[in-house]
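# Observations on chain architecture
Here's the letter readout for the chains.
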Amino acid sequence: KAGVTQTPRYLIKTRGQQVTLSCSPISGHRSVSWYQQTPGQGLQFLFEYFSETQRNKGNFPGRFSGRQFSNSRSEMNVSTLELGDSALYLCASSLVFSGNNEQFFGPGTRLTVL
Amino acid sequence: DQQVKQNSPSLSVQEGRISILNCDYTNSMFDYFLWYKKYPAEGPTFLISISSIKDKNEDGRFTVFLNKSAKHLSLHIVPSQPGDSAVYFCAASAYQGAQKLVFGQGTRLTINP
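These remarks concern the structure in this document. (Residues numbered from 1 in each chain as written. Chains lettered and ligands numbered in written order. Predicted model: local features only at pLDDT ≥ 70, side-chain atom pairs only at ≥ 80, totals over all residues. Heavy atoms only, no water.)

### What about the overall build of chain B?
The criterion, for reference: Numbering of helices and strands runs from the N terminus; a helix is a DSSP stretch of H or I covering at least four residues, while a strand is a stretch of E covering at least two. Buried residues are those whose accessible area, probed at 1.4 Å on protein chains only, stays under 20% of the maximum for their type, while exposed residues exceed 50% and partly exposed ones sit between those limits. The contact criterion used is simple: two residues touch if any of their non-hydrogen atoms lie within 4.5 Å.
When you go through chain B residue by residue, the secondary structure sums to 0 helices and 11 strands. For chain B, the spread of C-alpha atoms along the principal axes amounts to about 40 × 30 × 25 Å. Relative to its full complement of 113 residues, chain B shows a buried share of 48%. By sequence separation, contacts in chain B at least 24 residues apart represent 55% of the contacts at least 6 residues apart.

Take a look at the structure:
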């Protein structure tokens, strides 16, 4: 079974631009969560989507948004990029009805904002 | 406000010995705890979890201990192997099945031959 895939793997943008990251979950997984990893803050929860609806949201500004499609693929968008948005963005999928929290992570997209 | 804390950024252990990674949490509403391992250029992979109704869970070389009164959990790896060298993250959630995980900042474990 293929794992979680994320595209692109690396991205360089300048301040003020916007960016869209993509995540394809494991086949059959309906929940997709996004996390931001930075050296100072560790992994921080951005949001979670299930059946095309945002179910949970972390403490990030409105510049961070996402969506999920009917095939469970998800995208996240960051508008008006700031230097502090440079981070590794991780997507995780899970089989919601498995009875545990196990989330399967993709390799991440490394975003650098110049 | 760091609700899950891993106070040791790094840990070095000799191969064959026991590795003990520690994690503290502040939110008493957390009910389920997980450990993830991360290699460079890869996403975190799930290792082991524990529910708050237990104080210990074992899976092969990995054992997680939970002390609810102290709001403390630890991961024991015995015996430690070179392939265990990675960054280990502790995570917590409000209930088993919750998709929102609160992570610690990670501990880099290095196993020396």
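### Looking at the state of the cysteines
All names here are of chain A. The test is simple: Disulfide: a pair of cysteine sulfur atoms within 2.5 Å of each other.
Counted under the stated rule, the structure contains 2 disulfides over all chains. Each sulfur in the disulfide pair Cys23 and Cys91 lies 1.7 Å from the other. Between Cys23 and Cys91, the S-S dihedral sits near -50 degrees, and the bridge is therefore left-handed. Linking Cys23 in strand 3 (residues 19-24) with Cys91 in strand 9 (residues 87-94), this pair joins segments that are 68 residues apart in sequence. The exposure classification of Cys23 matches that of Cys91, with both residues buried.

### Looking at the environment of Tyr36(B)
As a reminder of what qualifies: Polar contact criterion, stated in full: a pair of N or O atoms within 3.5 Å, where within protein one must be able to donate a hydrogen and the other to accept it, and residues adjacent in sequence count only if both atoms are side-chain atoms.
The residue Tyr36(B) is located in strand 4 (residues 32-38) in this model. A C-alpha to C-alpha distance of 7.7 Å links Tyr36(B) and Ala91(B), two positions 55 residues apart in sequence. Reaching out from Tyr36(B), the side chain makes a polar contact with the backbone nitrogen of Gln103(A) at a distance of 3.0 Å.

### Considering the sheet that holds strand 1 (residues 5-7) of chain A
Residues and elements named next belong to chain A. For clarity, the threshold we go by: Only when DSSP finds a minimum of two bridges between them are two strands counted as paired. Orientation is described by lines fitted to C-alpha atoms, with helices fitted over the stretch in contact, and by angles between N-to-C directions that extend from 0 to 180 degrees.
One open sheet accounts for 4 strands, arranged 1-3-8-7; its pairing is antiparallel. Each edge of the sheet is formed by a strand with only one pairing partner; in this case those strands are strand 1 and strand 7 (64-68). Strand-to-strand, the axes of this sheet are offset by a mean angle of 20 degrees, without reference to chain direction. As defined by bridge partners, strand 1 adjoins strand 3 across 3 bridges and the pair is classed as antiparallel. Directly across from Thr7, in strand 3, lies its bridge partner Ser22.

### A closer look at the interface of chain B and chain A
Here is the rule we go by: Buried area: the accessible surface (1.4 Å probe) lost by two parts on joining, summed over both. Salt bridges are identified by distance alone: a Lys or Arg side-chain nitrogen within 4 Å of an Asp or Glu carboxyl oxygen. Classification convention: Asp, Glu, Lys, Arg as charged; Ala, Val, Leu, Ile, Met, Phe, Trp, Tyr, Cys, Pro as nonpolar; all other residues, Gly among them, as polar.
Counting residues at the interface gives 22 residues for chain B, matched by 25 residues for chain A. Broken down residue by residue, the surface that chain B buries against chain A is led by Gln99(B), Lys100(B) and Phe103(B), which jointly contribute 36%. Counting every contact that joins chain B to chain A gives 0 salt bridges. Connecting chain B to chain A are 7 residue pairs in polar contact (both at pLDDT 80 or more). Breaking the side of chain B that touches chain A down by element, the ones donating at least two residues are strand 4 and strand 9 (86-93) of chain B. Looking at which element gives the most residues to the side of chain B that touches chain A, the answer is strand 4 of chain B, with 4 residues. Counted by class, the side of chain B that touches chain A contains 11 nonpolar, 8 polar and 3 charged residues.

Geometric descriptors of this kind do not, in isolation, establish any biological role.
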